[in-house]
Amino acid sequence: MNMIKLRRIVQVISLLFFLFLLVVTVYPLSIMGGWVDLYMRLSLLQMLATWLNTGGFIIAFLPAVVLLALTLVLGRFFCGWVCPMGITLDFTDRLIARRGADDSREILKWKRAKYVILLIVLAAAYFEANLAGWLDPLSLITRTYVEVVLPGFEFVTALLFRGLYPVPVLGGAARVFHSFFKTSLYALQQPAFHGMAATALIFLGIALLALFNRRFWCRFICPLGAVFALVSRYSVFKRVVDPDKCIACNKCVKNCRMGAILEGGLSEYRGECVECFTCRDVCPVDAVSFRPVMKGTAQEPVNLSRRGFLWSLGAGLAAVPIVRLSRGGSERVPIRPPGVADIDSFMQKCLRCGQCMRVCPTNGLQPVWTETGIEGLWTPELVPRIGYCEFNCNLCGAVCPSGAIKKLAEDVKQRTVIGLAAIDHDRCIPWTGARNCLVCEEHCPVPDKAIRLRLEIVLDAFGNEVEIKRPYVVQEECIGCGICEARCPVSGPAAIRVTGIMPQELKQRRTEVRERGPAGLLPAAVGGWKATEDVMKFGQDRLYEFINGGSEIYYEYGFESAATREYALGADEMVADVFEMSDPDAAFGIFSNERDPGGVDPGVGDAGSMTFGQLLFCKSSYYVKVNYYGSIDADKALTEFAAAISGFIDDSAGMPEIMSELPPDADVKTAMLVEGPLVMRNFLYMGDTDVAGFSDGARGVIFDSPRGREMLLLYGEESAALKAESSIGEHLKSVGYMEASGSGYNEYGSDAGVVRISELSKGRGAYKLRLSLITK
Amino acid sequence: MNGKYTRREFIEKLTVAGLAVSGVSIAGCKAGFSRTLKMGVREGRESDLKKGVFAARGSDDPAVLTRAAVDSVGGMDRLVKRGDVVVVKPNIAWDKSPEQAANTNPVVVATLVQLALAAGASKVKVFDRACNSDRRTYRRSGIAEAAEKAGAEVSFVEDSRYVSVDIPGAKVLKEWPLYRDVLESDVFINVPILKHHGATGMTAGMKNLMGCAGGNRGAWHVGELDRRIADVQIALKPDLVVLDAFRVLKTHGPQGGNLEDVSDARIVAASTDLVAADAYAAKIFGVEPESIKHIKFASEMGLGDINAEVSEFAAS
């Protein structure tokens, strides 16, 4: 069998397949789907590098493992038969290399260089600097085709076709071909990439190395080839030369494209052979064969010395800080494709292959040059002025071979914030002149619009009043897609620009966004309960409309607003009232005021109490009252419902500080926070004036204890406590109480009972008065 | 290699042929591209369709409503002659689904295609210049599939097919590149969807004509958008306007996205008068026609009757 012919056919098929995969890496990705990145996933080098980098094997690289197994059997066939870089170089070598040159004329020890490079890449990878993408041949060749060859092909052929249109006969054929090319081969629009000249020059440089030797890259540089070389040293199939037949004509030596065969033709350097079968073909005596044998004729491989090995590792380590530290200090935050979890894992996983840039339907994904340090070289960023991120598109994540860009579900992607837009008021037309524009608002794809318009009356240049709609960005809605920047009609830099956000954030789901205040805690559905009507809201001055008589106490504690809503489940009903108080103490206060001391603790909120058919609880600044009218187990229904409402309140306050001042024998369930004279009446009516000094900051709590009804009053300063004590005493005397003194206390007695005021020792910077009601 | 040519000769001949073709093409490029084609405004076709606006309501099937509306304005047979090239121009601007009411209803478009073909059209072309990626919008809107199934020639717009048109009588937009397929068509049917619009308040038939405009449309928004919308009508007079108000985007237009912003009005209306159709659209939307600037300007310029008679009826 003519192996060379077979090899050429396989090479053509491989390259065509590689090109085919690139060509179908385009919306809607219906051909080949997630397999378009197959070649990238064959890279054993990237598999090892990302493994070392991230500490985990990326499952997408399974094809590389399969390739590894095949190499152990067949040898370094990938380089000779499949690698698109190798195939392209075989082609360019033909054009560039000198005819009839002696392939064995090379600097032998340069063969070690690929091992040096491999070690540098792996060592750096271990310390989380990803250099593999720069030197992996599959990344390189993919980048070259994506950035240079395919766009160039598209540009040139489109130009030629269009030029032929007006020509009779040929023009018709051109239209047909052009149409076919547009639907099958071209990208959605003529691609153009930053830095494509550099990529082209790099590849040209590699190709021109053929002036020195054929397959220069493969012999001396390719780190992936180095991996295959190492593995193929132990392969089953080996090159075998029959020493009896060989006439030492050296034809094989001179024609070996890898310069692998030693002088004399009998043996080759282990690992260097790529099984192109040329030696077998040119051998005049058929002495060469490739067979599965125990021992082939290979010589020792071209190895690194131990010093060389250590130096390579050292170079790899030295590269790490140079690469990693180059990132810092730039104020430029590039917009990364949606699905980039965080910048570190992205840098570790990105293969710098350019697949995402190929598939991006607007051509918005562009290679980064050195703006984020050399580490970011050839990683993708979105440049909105070139192309925006389509709202419903997640193709970049679908084609990323390593998962550096995660594939996001469509609805998640629509809420992924990759950047934030900001309007430059010095460039924006409605802001600088008295003219409308609004293109940005129109194009914003977010359903609730991240750009909104504010109607303003401004003066134009002639002093006339004009109505202008001025745009502003709603940052909570903006996802940074960049269509506003892309469409802004201002010439030069757009008047609205997007800056990248890293790590990317997830916007809340629309239904999860709650209105602020009490109404936000009463959604249309709570568990299985459905609201029967819209929520009713009461502003700060309208509490009386809601609860009529009891509202004064709410105001004394501090009331902000309230809302109420009725729910139903089957025949049962639930009515929920939510009060937003001025602070958590006020919420606890009104709760403590209204609760039944005999109620049970339902375990909801900061404090709660449940009696038959009603559950009260307070949490943070909210006080919630739930009333149940129904037939099923009231306690369970109430507790579940209240717990759901409590779940909507993010903060939790715990008990007010003053509660910790209660004596150990206080009945906590009867404790009632006092913040004004109205509530103080629960202890004893002491007139309508603020005798205890609440308006000066006093705090109190009323409770029952074995001694009877008590009230604790806390003051920040001793003078305030003394003033209150004397003013309470004065009031009591004025209504007929007789004063008497004891050690450490004053008593005021009457027929109704005795009020004893004790001064307690200072605790935590507070001066305490304890008032006890002792009934006769 | 056996045969008449050696391999080298074959490659040589191929190269020469290739160079020749390229040479012709490059010459063609030089000649063709430097000239910008100019064309005149579209001459509307006089037909004996009835005057006024005819609005069909009361059905859940957009096809039934469309047929009823077209029939009551006179029927497609009175408009389309055998062999005509008909352009049906829907709104295919945004990458949204039919339920989101950002593009024309695909069933309405498909019905018009069917009617036109049944009346004897030789070809019905359906296209629009999308704001998002055209591949995506044609697909997600459902219009490409529905129109193709009905027999239309659906195509993406091409840059090379815009021609420069002088617009006589225009206040601001003196000339602009417009799509030649619309200008050259025998019958031009404008099929807009009624939506809210951030800049103009409302968008319907007149705004839909922007889809026929090439060049930098963003520039239209700077300053006098409503003026330009009124002006461009002079060059693109439609022969029939079929207003899709089956679903209406009430707010956050012209793209929308939230299903709660869509209201099911279930109306399809037909008229030969674009200003009249838009005035009726404003009424459906709930605003005074005069309050939408481009309707007011067009009416003042005498381009149509803002107070045209409207007959609403139940489609069976």
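Quick notes on the rules
- Residues numbered from 1 in each chain as written.
- Chains lettered and ligands numbered in written order.
- Predicted model: local features only at pLDDT ≥ 70, side-chain atom pairs only at ≥ 80, totals over all residues.
- Heavy atoms only, no water.
- Helix = DSSP H or I, 4+ residues; strand = E, 2+ residues; numbered from the N terminus.
- Buried < 20%, exposed > 50% of the residue type's maximum accessible area, 1.4 Å probe, protein only.
- Contact = heavy atoms within 4.5 Å.
- Polar contact = N/O pair within 3.5 Å; in protein donor to acceptor, adjacent residues only side chain to side chain.
- Pairing = 2+ DSSP bridges.
- Patch = residues over 30% accessible without salt bridge, like charges linked within 9 Å, V, L, I, M, F, W, Y side chains within 5 Å.
- Areas by Shrake-Rupley, 256 points an atom, 1.4 Å probe, with all protein chains shown as cover.
- Salt bridge = Lys/Arg side-chain N within 4 Å of Asp/Glu carboxyl O.
- Lys, Arg positive; Asp, Glu negative; His and termini not counted.
- Charge placed at Lys NZ, Arg CZ, Asp CG, Glu CD.
- Buried area = accessible area lost by both parts, 1.4 Å probe.
- Core = buried A, V, L, I, M, F, W, Y, C linked by side-chain atoms within 4.5 Å.
- Expected span 1.5 Å × (residues − 1).

> Can you explain the environment of B:Lys38? Please cite residues and give values.
Residue and element names in this part refer to chain B. Counting through the fold element by element, Lys38 comes out in strand 1 (residues 38–39). Judged by its relative accessible area of 48%, Lys38 is partly exposed. Here the alpha-carbon distance between Lys38 and Ile306, two residues 268 residues apart in the chain, equals 32 Å. When residues no more than four places from it in sequence are discounted, the contact partners of Lys38 are Ser164, Asp166 and Glu175. A distance of 3.3 Å separates a polar atom in the side chain of Lys38 from a polar atom in the side chain of Ser164.

> Break down the sheet that holds strand 7 (residues 175–179) of chain B for me, with residues and values.
Residues and elements named next belong to chain B. Spatially, three strands are ordered 1-6-7 in an open sheet, and the strand pairing comes out mixed. For this open sheet the edge positions go to strand 1 and strand 7, each flanked by a neighbour on one side alone. One ladder, built from two bridges, connects strand 1 with strand 6 (residues 162–166); its direction is parallel. Of the residues in strand 6, the one forming a bridge with Lys38 is Ser164.

> Describe a positive patch on the surface, and please don't skip the residues or the numbers.
Together, A:Arg8, A:Arg94, A:Arg99 and B:Arg7 make up a positively charged patch on the protein surface. Mapping A:Arg8 onto the fold places it in helix 1 (residues 3–23).

> I'd like to hear about the interface of chain A and chain B, residue by residue, with values.
For an interface, size is often stated in terms of accessible area lost upon the parts coming together. Contacts between the two partners involve 38 residues from chain A and, on the opposite side, 37 residues from chain B. Buried area between chain A and chain B, summed over both chains or domains, comes out near 3,200 Å², and the portion from carbon and sulfur atoms is 51%. Between the two partners, chain A and chain B, sit two salt bridges. Here B:Glu158 and A:Lys182 are joined by a salt bridge, their closest N and O atoms 3.7 Å apart. Applying the counting rule to chain A against chain B returns 16 residue pairs in polar contact (both at pLDDT 80 or more). Secondary-structure elements contributing two or more residues to the side of chain A that touches chain B are helix 8 (137–164), helix 21 (439–443) and helix 22 (483–487) of chain A. The dominant element in the side of chain A that touches chain B, judged by the number of residues it contributes, is helix 8 of chain A, at five residues.

> Describe the nonpolar core, naming the residues involved and giving the relevant values.
The biggest cluster of nonpolar side chains holds 127 residues, and the ones touching the most others in it are A:Phe78, A:Met85, A:Trp217, A:Leu224 and A:Ile496. The element best represented in this core is helix 1 of chain A, accounting for seven residues. Filtering out sequence-adjacent residues up to four positions away, A:Ile496 remains in contact with A:Ala421, A:Ala422, A:Ile423, A:Cys440, A:Ile451, A:Val473, A:Cys484, A:Glu485 and A:Cys488. If you look at the next biggest cluster of nonpolar residues, it comprises 96 residues, including B:Val87, B:Ile167, B:Val187 and B:Leu209.

> Kindly report on helix 6 (residues 113–126) of chain A, identifying the contributing residues and their values.
Residue and element names in this part refer to chain A. With 14 residues, helix 6 should cover 20 Å at 1.5 Å per step; its first-to-last C-alpha distance of 20 Å lies within 8% of that length. Turning to helix 6, the residues buried within the fold contact helix 2 (44–54), helix 7 (132–135), helix 11 (216–221), helix 12 (223–232) and helix 15 (306–325). Trailing helix 6 by a residue or two, Glu128 shows a phi angle of about 65°, which is positive.

> Help me get a handle on the side chain of B:Asp226, residues and values and all.
Residue and element names in this part refer to chain B. By the element assignment, Asp226 lies in helix 8 (residues 225–232). Buried and unpaired, Asp226 has no salt bridge, with Lys293 as the nearest side chain of opposite charge at 4.8 Å. Leaving out residues up to four positions away in the same chain, Asp226 has contacts with Thr200, Lys293, His294 and Phe297.

> Give a description of the pairing of strand 13 (residues 572–581) of chain A that names residues and reports values.
All names here are of chain A. Among the 10 residues in strand 13, eight count as buried, and that is most of the element. Adjacent in sequence and paired antiparallel, strand 12 (residues 559–569) and strand 13 are bridged by two residues, among which Gly570 carries a positive phi angle near 65°. Bridge count for strand 13 against strand 16 (residues 622–629) is eight bridges, and the pairing is antiparallel. If you follow Val575 over to strand 16, its bridge partner there is Asn627.

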